[in-house]
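Given next are the chains, with one letter for each unit.
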Amino acid sequence: MENEERAAEERTAPDGTPAEAAGGAVAAATGGTAAEAAGEAAGEAAGKAVGEAAEKVSGEVVRARRRRRLVVGSLVGCLVLGGGVLVCLPGEGPAGRGVPAAAPGAQAGSAVRAGVAAALSDLAALVEERERAVRERPEDALSWAVLGTAYLEQGRRTAGVAVLYPKAERALRASLKAHPRGNADALGGLAALANARRDFPAALRWGEAARKAAPKRWTTYPQLIDAYTGMGDYKKALKALDALTALHSGPAVRGRAAGVYWDRGRREDAQAALADAAVGAASPAEQAAWLERAGQLAFERGEREDALRHFQEAVRLDPDQRAAQAGQGRALAALGRTTEALSAYRVSLERQPLPQYALELGELYESLGLAQAARVQYDRLRTLVRQESAGGVDGQLTLGRFEADHGDPATAVRRLRAEWRRQPGIAVADALGWALHRAGNDEEALRFASIATDRVHGGAVYSAPYLHHLAVIERGLGKDGPARRHLQEALRINPYFSPLFGPAARAALAGLGEEPPPAELPD
């Protein structure tokens, strides 16, 4: 089943030659590993017969997927993204019955290889299958690679980063040991792991190695997009997206495109891409993940009600979607439904304790005047960052942001300077600019805040928090005109961007007063 799915998943190259797709089928026919077979299939005459068998299996799998997509066409309701884009959900009536479902492990295997979300129960089944496979066949490079990617996805979805990320790395390196040359599955998995750890230089090295090993393997390019973005190279991220869309289409590609579009300020394109991804999702867990992203986008646009609907639907489809649970807390707080917001944050932190959730909950408590409760969450944040660091996760950006506002700004500057030297993305530029402002260095702060908000440099020009930071720095330098314009823009984008700093932005704008009329020209 694993090899059949692999044949169906991989895209045929534009010149008509199979791009790694036949690897799984060749492995099944020869008894070798799929990674070994993928490197040999193109050049061996014996591969023709196996390729025909793989094509037959592939056609059957594709036809089954088309039948599943017909289910998506049977609709009982739609969610509305801001701007009128509909995200339609699959019906639960008779049209959804009678469609054969793949085994949980096979479903999760397809998802992790495509880089999309899988249900936690399906991931557990996949891990069990692959652990058994590598015990029986320690030389099975593909099983080691899939196992490592499954551990990685489990780590993303749970509180087990400290254990699961190192396990993922060991499995992926075992795959490389079993098949050192041309093992794009393992190399791509290591790139994904490095991105998850926020180690973008390493992600770029692994991603480039995976691309060199298999240039037409489309699943490598999303990892390159993330790595280039983390390194602040937005032109190369866009080129990687162009290469990706030339090789493949579908929900995973549309969802990845949405992130690039949003970073480039193309909000409507991002919105439409996420709508397409949600409609085309192959499982409830995948659809929930795209809806959660759509909820993030809606919230960043200040569309509180739409954001909440997307987050709620995501949790309904996948109760383990904790990012959507935290998103509900964010949207409910913006709607003034504070008790419900606190409850949503507590649930998400209980099931998936992430430093970002603790920071958001702490700032919500602080906005309510509950200083002691806020301190508990801030202490929790420090603990969670330490725990994640045991799994290799770089928490310097999170700690820098936290220290700038709630701790020692000078410490924040030291952390973030080092982070900027290593991986100069716009998130780091914004955080470093703000930390420098909090430490009293507005002249240098302005340079970094400008990088984070300048369209020419690929900045997130539609980020309300970034524009708020820029405006406060400008005001500190006596640049009242630009400060007024940027505060107005921040509050126009999302007046609810933070329960703690949103009111501060409104107060700062009020303090600047109305823009003075233009001076009269002399006679």
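Our subject is the structure listed above.
About the criteria used
- Within each chain, residue numbers correspond to sequence positions counted from 1 in written order.
- Per-residue local features are limited, in this predicted model, to residues with pLDDT of at least 70; the limit for side-chain atom pairs, both in listing and counting, is 80 or more; totals at the level of whole chains, interfaces and linings are taken over all residues.
- Hydrogens and water molecules were not included; the side-chain quantities draw on all heavy atoms of the structure.
- Only one rule defines a salt bridge in this text: a Lys or Arg side-chain nitrogen within 4 Å of an Asp or Glu carboxyl oxygen.
- For helices the rule is a DSSP run of H or I covering at least 4 residues; for strands it is a run of E covering at least 2, with both sets numbered from the N terminus onward.
- Note on classification: 1.4 Å probe, protein chains only; a residue is buried when its accessible area is under 20% of the maximum for its type, exposed when over 50%, partly exposed between these limits.
- Ring pairs are drawn from Phe, Tyr and Trp, using the six-membered ring of Trp, whenever the two centres fall within 6.5 Å, and their geometry is named by plane angle: stacked under 30 degrees, edge-to-face over 60, tilted for the rest.

1. Observations concerning the pattern of salt bridges
Taken as a whole and assessed by the stated rule, the structure comprises 22 salt bridges. R157 is the partner of D318 in a salt bridge, and the nearest nitrogen-oxygen pair spans 2.7 Å. With D318 in the loop between α16 (304–317) and α17 (322–334) and R157 in helix α7 (residues 141–157), the pair connects residues that are 161 residues apart, well separated along the chain. The class for D318 is buried, based on a relative accessible area of 4%. Across the pair R266 and D269 runs a salt bridge, and its minimum N-O distance is 2.9 Å. Residue R266 is classed as partly exposed on the basis of its relative accessible area, which comes to 34%. Salt bridges linked by common partners bring E136, R137 and D140 together as one network.

2. Digging into the packing of aromatic side chains
In this structure the tally under the stated criterion is two aromatic pairs. Seen from their ring centres, Y378 and F402 are 5.4 Å apart, and the 55 degrees between their planes marks the pair as tilted. Taken together, the residues Y378 in helix α20 (residues 371–389) and F402 in helix α21 (residues 396–406) connect sequence positions 24 residues apart. Assigned by exposure class, Y378 and F402 land together as buried. Between W420 and F448, the ring centres sit 5.3 Å apart and the planes meet at 85 degrees, which makes this aromatic pair edge-to-face. Of this pair, W420 sits in helix α22 (residues 409–422) while F448 sits in helix α24 (residues 442–453), and the two are 28 residues apart along the sequence. Take W420 and F448: they sit in the same class, and that class is buried.

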